[in-house]
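Here are the chains, one letter per residue:
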Amino acid sequence: MKLVTAAEMQAIEESSVEAGVSLDDLMENAGLAVAEAIRDDLGTHAELFGKRIVILIGPGNNGADGFVAGRHLSNWGAKVTAVLCANRKTPDLKRDPAEQAGVTVEDGLTDSGTQLLQQRLATTDLVIDAVLGTGASRPIAEPLSSLLFTVLESAVPVVALDLPTGLNSDTGEYDVAGLPAETTLVLGYPKIGPALSGDFTVTGESSVLDIGIPDGLDSQITATLITADDATELLPERPIDGHKGTFGSTLIVGGSKDYLGAVTMATDAATRSGAGLTFVATPKSAYDRIGGLVPEAMYRPLESHANGDLSPTEAALTAIEMASRRTSIVVGPGLGSNSSATEFVSTLLSQLQPDQPVVLDADALNILAKTYRWWERFENPAVLTPHPGEMSRLLGISTEQVQLNRLAIALEAAEKFNRVVVLKGAATLIASPDGRLNVSPWVNSGLAKGGSGDVLAGLLGGLVAQQPEDLFEMASLAVFIHGYAADSARSEFGETGMRPTDVISRLGSFYRDTVQVDRQ
Ligand SMILES: NC(=O)C1=CN([C@@H]2O[C@H](COP(=O)(O)OP(=O)(O)OC[C@H]3O[C@@H](n4cnc5c(N)ncnc54)[C@H](OP(=O)(O)O)[C@@H]3O)[C@@H](O)[C@H]2O)[C@@H](O)CC1
Ligand SMILES: [K+]
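Going along each chain's sequence as written, the residues are numbered from 1 onward. Whichever chain is written first is A, and whichever ligand is written first is 1; the rest continue in order. In keeping with the predicted nature of the model, local features appear solely for residues at pLDDT of at least 70, side-chain atom pairs appear and are counted solely at 80 or more, and the whole-chain, interface and lining totals rest on all residues. To obtain the side-chain values, all non-hydrogen atoms of the structure were used and water was disregarded.

K.L.:
How should the environment of Asn62 be read in this particular structure?
P.N.:
Helix and strand labels come from DSSP, where a helix needs a run of H or I of at least four residues and a strand needs a run of E of at least two; each type is numbered from the N terminus. For Asn62, the position within the fold is in helix α4 (residues 61-75). Type-normalised accessible area, obtained with a 1.4 Å probe on protein chains alone, sets the label of each residue: buried when under 20%, exposed when over 50%, and partly exposed for intermediate values. Accessibility expressed as a relative area gives 8% for Asn62, which makes it buried. Separated by 271 residues in the primary sequence, Asn62 and Pro333 have C-alpha atoms spaced 48 Å apart. Apart from the residues within four sequence positions on either side, Asn62 is in contact with Asp129, Ala130, Val131, Leu132, Gly133, Leu161 and Asp162. By the convention used here, residues are in contact when the closest approach between their heavy atoms is within 4.5 Å.

As structure tokens, this is what we get:
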């Protein structure tokens, strides 16, 4: 499912006009679709008759849509009052027809406006928020903030038209002076901001309404929300007569004397990915304590000094030998980033067969961030899986800068490094150097715990092992499956109580559920 930015929606509007569907057509379609959705939600025309509806009208086209919806609702028997929450341009083309259809227009901007609205709300069944849509451009100020607060206090149910006022369509940032909705009726395409924030307390339940945008214009949209159907399509084939060689093999390079859990979780996750074989290369100091912990995997120690640190040159030779017949390699979980680990990673990456796909996670990313123009030092196709802190180090900017514009940052990093980038966070983003961008539908604070990233890296390594040509697709699939399993862990333990190991044990559930659907 495509997700639009405000600028893309604007461009689509312009292309619609060129294709013969005018802005007026779109607004008429939008207003009618909103009115129909409200009527259908109530059940019948009879239910709508006599209902008291207040429409909050803003300064732009969102407000114009509100007038069109009000016109239809009034024609169908509702008692509609449009409350002006901003000055509107004259002539106000959608206002006159609405008034002719019986809509009462009141000015919310006068001194007595808020008081009048307060009285009216006492007998109002429904508020339609047509104040701001995709054109919101600055913080909400007086007198609008008081008007919106009056509505919020009244506890009358709110239906937002296109977006709840205060919710930024691109970033998902929410202005606390805004108006949360019970329902959001989204026009044409879902907006990317709400998907990125994942805060459904602001949008309530969303549905997307068809407003008659001509077909074929969505190629202008960069971002796609990954749906369960998309993920099902991406699952690597599992031929009935396949053997373990059919499903590829992954090598996980990680662990250190100080960090033992990360590589174990990545390995455990890889064994639930469907890959045929999982190998682990871990420093001798770690091998002595965790070697064999995941019984399905094959472990080998990497040469270490007496103090437990890697012996970089010999260890890299061993890892390269182990990597030689593997169809994917994961580097990073728990590896540490001291000088031995840094030299080891540099040597390993520069000597791998250049067509071998690599998943770079955790400490591998911190090591690369310290390496001058690392992206030119090896040729291998790769997926990088940074969290915002790791991304800030990779790009040399602050974490706040990353968080403020995650979409652009993910795309910029993918293009600059010429690698697939998974920018983790609420609604993880997957960006490809060719400009494609997928958005995870999962938002789950239960994943904000040490170990979640290791699980994702191992799962991804195992998926890439099965389909090494399709890094963007496998990264998107891994993020989806990881989120799906985490959702199941959340239903059992809650966001507070769930652990990364609970996610691992549920990684198989998406395959199981999908296969069951397939066979029904
Ligand atoms: N694109 C499409 O295909 C279609 C779009 N459609 C509809 O159009 C909507 C977008 O319309 P829009 O561009 O007129 O923007 P909208 O949100 O109504 O308001 C912009 C106005 O608000 C003002 N303003 C900004 N921030 C503010 C603040 N904090 N407090 C107060 N004022 C503020 C801003 O002022 P400015 O920034 O210019 O100073 C400007 O005057 C879209 O959501 C959908 O409903 C459909 O009808 C048909 C198909
Ligand atoms: K709105």
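K.L.:
What's the story with the coordination of the potassium ion (ligand 2) in this structure? I'm lost.
P.N.:
Reference values for coordination geometry: four tetrahedral donors around a metal ideally subtend 109.5 degrees, six octahedral donors ideally subtend 90 or 180 degrees. The protein atoms that coordinate the potassium ion (ligand 2) are Asn62 (OD1), Asp129 (O), Leu132 (O), Leu161 (O) and Leu163 (O), at distances spanning 2.5 to 2.9 Å. When its relative accessible area of 1% is taken as the criterion, Leu163 is described as buried. Each metal site lists N, O and S donors within 2.8 Å (3.2 Å for Na, K and Ca). With water left out of the atoms, a site can look as if it is missing ligands.

K.L.:
Sorry, what's going on with the packing of helix α19 (residues 452-466) against helix α20 (residues 471-497) here?
P.N.:
For any two helices packed against each other, one specifies the inter-axial angle together with the distance between the axes. To get an axis, a line is fitted to the C-alpha atoms, and for a helix only the part in contact is used. The angle between two axes follows their N-to-C directions and goes from 0 to 180 degrees. Where α19 meets α20, the closest approach of the two axes is 9 Å, and the angle between their N-to-C directions is 135°. Looking at the two axes, α19 sits oblique to α20. Our pair here, α19 against α20, has a crossing hand that is right-handed. In contact with Ser452, Val455, Leu456, Leu459, Leu460, Leu463 and Val464 of α19, α20 contributes Leu471, Met474, Ala475, Leu477, Ala478, Val479, Ile481 and His482. Only Asp, Glu, Lys and Arg are considered charged in this grouping, and only Ala, Val, Leu, Ile, Met, Phe, Trp, Tyr, Cys and Pro are considered nonpolar; every other residue, Gly among them, is considered polar. Split into classes, the residues belonging to the contact of α19 with α20 amount to 13 nonpolar, 2 polar and no charged. When an angle is under 35 degrees it counts as roughly parallel; over 145 it counts as roughly antiparallel; between 65 and 115 it counts as roughly perpendicular; any other value is oblique. Note on convention: the crossing is left-handed when the near helix lies turned anticlockwise from the far helix by less than a right angle, right-handed when the turn is clockwise.

K.L.:
When you look at the UniProt feature "binding site: AMP" (unreviewed entry) in the chain in this model, what are you seeing that I'm missing?
P.N.:
Taken from the UniProt record, the annotation "binding site: AMP" (unreviewed entry) applies to Lys424, Gly425, Ala426, Ala427, Thr428 and Gly453. Spatial clustering of the annotated residues is evident: they stretch over 30 residues in sequence, but the largest pairwise C-alpha distance comes to 13.9 Å. In this fold, Gly425 is placed in the loop between β16 (420-423) and β17 (429-431). What makes Gly425 partly exposed here is its relative accessible area of 39%. Along the chain, Ala426 turns up in the loop between β16 and β17. Looking at Ala426, the relative accessible area reads 40%, which means it is partly exposed. UniProt positions are given in the numbering used here, feature names are shortened, and annotations may be inferred rather than shown by experiment.

K.L.:
Sorry if this is basic, but what is going on with the site of ligand 1 here?
P.N.:
Definition of nearness: a residue and a molecule or strand are near each other if at least one heavy atom of the residue lies within 4 Å of the molecule or strand. With respect to spatial proximity, 21 residues lie near ligand 1, and among them Asp65, Gly133, Ser137, Arg138 and Asp162 are the closest. In the model, an oxygen atom of ligand 1 is placed 2.8 Å from a nitrogen or oxygen of the Asn62 side chain. The backbone of Gly135 places a nitrogen or oxygen atom 2.9 Å from an oxygen atom of ligand 1. Calculation of accessible area relied on Shrake-Rupley with a 1.4 Å probe; when residues are assessed, cover is drawn exclusively from the protein chains displayed. Isolated, ligand 1 exposes 940 Å² of accessible area, and the fraction of that covered by the protein chains is 78%. At the level of elements, α1 (6-18), α2 (23-42) and α4 are the ones that each hand at least two residues to the shell around ligand 1. If you tally residues by element for the shell around ligand 1, the top one is α4, at 3 residues. Here the shell around ligand 1 is built from residues that sort into 10 nonpolar, 7 polar and 4 charged. In the analysis that follows, any N or O atom pair within 3.5 Å is treated as a polar contact, provided that within protein one partner can donate a hydrogen and the other can accept it, and provided that, for residues neighboring in sequence, both atoms belong to side chains.

K.L.:
What am I meant to see in the sheet that holds strand β3 (residues 79-84) here?
P.N.:
The strands making up a sheet are joined through hydrogen bonds of the backbone, oriented either antiparallel or parallel. Any two strands between which DSSP finds at least two bridges are classified as paired. Taken together, the 7 strands give an open sheet; going across it, the order is β4-β3-β2-β5-β6-β7-β8, and neighbouring strands pair in parallel fashion. One side of each edge strand has no neighbouring strand; the edge strands of this open sheet are β4 (104-107) and β8 (205-209). Here the strands of the sheet are splayed against their neighbours by 20° on average, with no regard to which way each runs. Bridging between strand β7 (residues 183-187) and β8 involves 5 bridges; their strand directions are parallel. When the bridges of β8 are listed, Val186 appears paired with Val208. Contacts from α2 reach β5 (126-130), β6 (158-161), β7 and β8, with the element oriented near 150° to β7.

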